[in-house]
Amino acid sequence: MAATAFVFLAILAAAEPRRAPADSVESMLAEESADVFLAKATLQQYLSRIVRKDWDGVRRLTHPKALGRIESGRKRNAKDPGALAPWQDGSDQLKTFEFRGARQMAPGVVMVAVGEDVYHSDDQGMSTGDPSVYLLFKSRNGFLVGDKMEGIGLGKVPGDQARGYPGWVDHQVQAQARRAEAIRNGRHR
């Protein structure tokens, strides 16, 4: 009986995939920054609340400047002015989503690519894997959703996209980034 258990454990140990040590170069390169991780976690909450139709929760995770643009009816860089206002149009319903990639554009600015499965009640049909890129900004000690670009992937967004949103990132985040850059370049005091 003990020999059988020993053989069984030996087989299980041999069958487990070998992983690189946690401090290997490959694992360090594969890790995402803290800002990217936090932005993705915020977007996960935001999209989950859209699926549940928790509109108050969606608004709390939307950047105040984006809410201002929604209320005034003007929104740049999107085909749909209500792209960040799903409570305004009930004909399209987000059902599921998957993250496809993310990258930090600037200090406090992260883009996250998502594939969305959306039910269109007008057509009584479902579209799957619709690409969208969300722009998140570090504000109020966390990340908030600031924009949504529909129909494109991460590679199609210009690298200077964050420049179109002056003042959306908290000033302390920008100051901290300048200090870190000065230290890296040896200009600190």
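Residues numbered from 1 in each chain as written. Predicted model: local features only at pLDDT ≥ 70, side-chain atom pairs only at ≥ 80, totals over all residues. Heavy atoms only, no water.

*Asks:* Lay out the pairing of strand 4 (residues 142-150) in plain terms, naming residues and giving numbers.
*Replies:* Buried residues dominate strand 4, accounting for seven of its nine residues. One ladder, built from eight bridges, connects strand 3 (residues 125-139) with strand 4; its direction is antiparallel. Counterpart to L135 in the pairing with strand 4 is D147. (Buried < 20%, exposed > 50% of the residue type's maximum accessible area, 1.4 Å probe, protein only. Helix = DSSP H or I, 4+ residues; strand = E, 2+ residues; numbered from the N terminus. Pairing = 2+ DSSP bridges.)

*Asks:* Describe in detail a negative patch on the surface, supporting the description with residues and values.
*Replies:* Side chains of D89, D92, D122 and D123 sit close together on the surface and give a patch of like negative charge. Note that D89 resides in the loop between helix 5 (64-72) and strand 1 (92-106). (Patch = residues over 30% accessible without salt bridge, like charges linked within 9 Å, V, L, I, M, F, W, Y side chains within 5 Å. Areas by Shrake-Rupley, 256 points an atom, 1.4 Å probe, with all protein chains shown as cover. Salt bridge = Lys/Arg side-chain N within 4 Å of Asp/Glu carboxyl O. Lys, Arg positive; Asp, Glu negative; His and termini not counted. Charge placed at Lys NZ, Arg CZ, Asp CG, Glu CD.)

*Asks:* I'd like a description of the layout of surface pockets, backed by residues and values.
*Replies:* Here the idea is plain: a probe the size of a water molecule rolls over the atoms and shows the empty space left. There is about 530 Å³ of room inside the largest pocket. For the largest pocket, the lining is made up of 28 residues, of which P86, D92, L94, V118 and K148 are closest to its centre. Taken together, the elements giving at least two residues each to the lining of the largest pocket come down to helix 3 (34-52), strand 1, strand 2 (109-120), strand 3 and strand 4. Class assignment of the residues belonging to the lining of the largest pocket gives a composition of 13 nonpolar, six polar and nine charged. (1 Å grid on protein atoms, 1.4 Å probe; cavity = no way out; pocket = protein on both sides within 12 Å on 5 of 7 lines; lining within 4 Å. Points joined across faces, edges and corners; volume = space filled by probe spheres on them. Nonpolar A, V, L, I, M, F, W, Y, C, P; charged D, E, K, R; others polar.)

*Asks:* Lay out the pattern of salt bridges with the relevant residues and their values.
*Replies:* Taken as a whole, this structure holds seven salt bridges when the rule is applied. Note that R59 is salt-bridged to D56, the shortest N-O span being 3.7 Å. Placement of the pair is R59 and D56 together in helix 4 (residues 55-60), with a separation of three residues, close to one helical turn. A relative accessible area of 32% places R59 in the partly exposed class. A relative accessible area of 51% means that D56 is categorised as exposed. Among the ionic pairs, E116 bridges to K148, the shortest N-O distance being 3.3 Å. With a gap of 32 residues between them, E116 in strand 2 and K148 in strand 4 connect regions that are remote in the sequence.

*Asks:* Give a detailed account of the pairing of strand 1, specifying residues and quantitative values.
*Replies:* Sheet topology places strand 1 next to strand 2; twelve bridges connect them, and they run antiparallel. Opposite D92, over in strand 2, you have H120 as the bridge partner. The antiparallel hairpin formed by strand 1 and strand 2 contains two residues in its connecting segment, where G108 sits at a positive phi of about 80°.

*Asks:* Break down the sheet that holds strand 1 for me, citing the residues and quoting the values.
*Replies:* Pairing between the strands of a sheet is mediated by backbone hydrogen bonds and can be parallel or antiparallel. Read across the sheet, four strands follow the order 1-2-3-4 without closing on themselves; strand pairing throughout is antiparallel. Of all the strands in the sheet, the pair left with one neighbour each is strand 1 and strand 4. The sheet shows a mean angle of 30° between the axes of neighbouring strands, taken without regard to direction. Looking at chain direction, strand 2 and strand 3 are connected through eleven bridges and run antiparallel. Considered in strand 3, the bridge of V114 is made with S132. (Axes fitted to C-alpha atoms, helices over the stretch in contact; angles between N-to-C directions.)

*Asks:* So what's going on with the nonpolar core? Residues and values would help.
*Replies:* L43, Y46, L47, Y134 and L136 are the most contacted members of the largest nonpolar core, which totals 37 residues. Broken down by secondary-structure element, the contributors of at least two residues to this core are helix 3, helix 5, strand 1, strand 2, strand 3 and strand 4. If we skip the residues at most four places from it in the chain, L43 touches F99, V112, V114, Y134, L136 and V145. (Core = buried A, V, L, I, M, F, W, Y, C linked by side-chain atoms within 4.5 Å. Contact = heavy atoms within 4.5 Å.)

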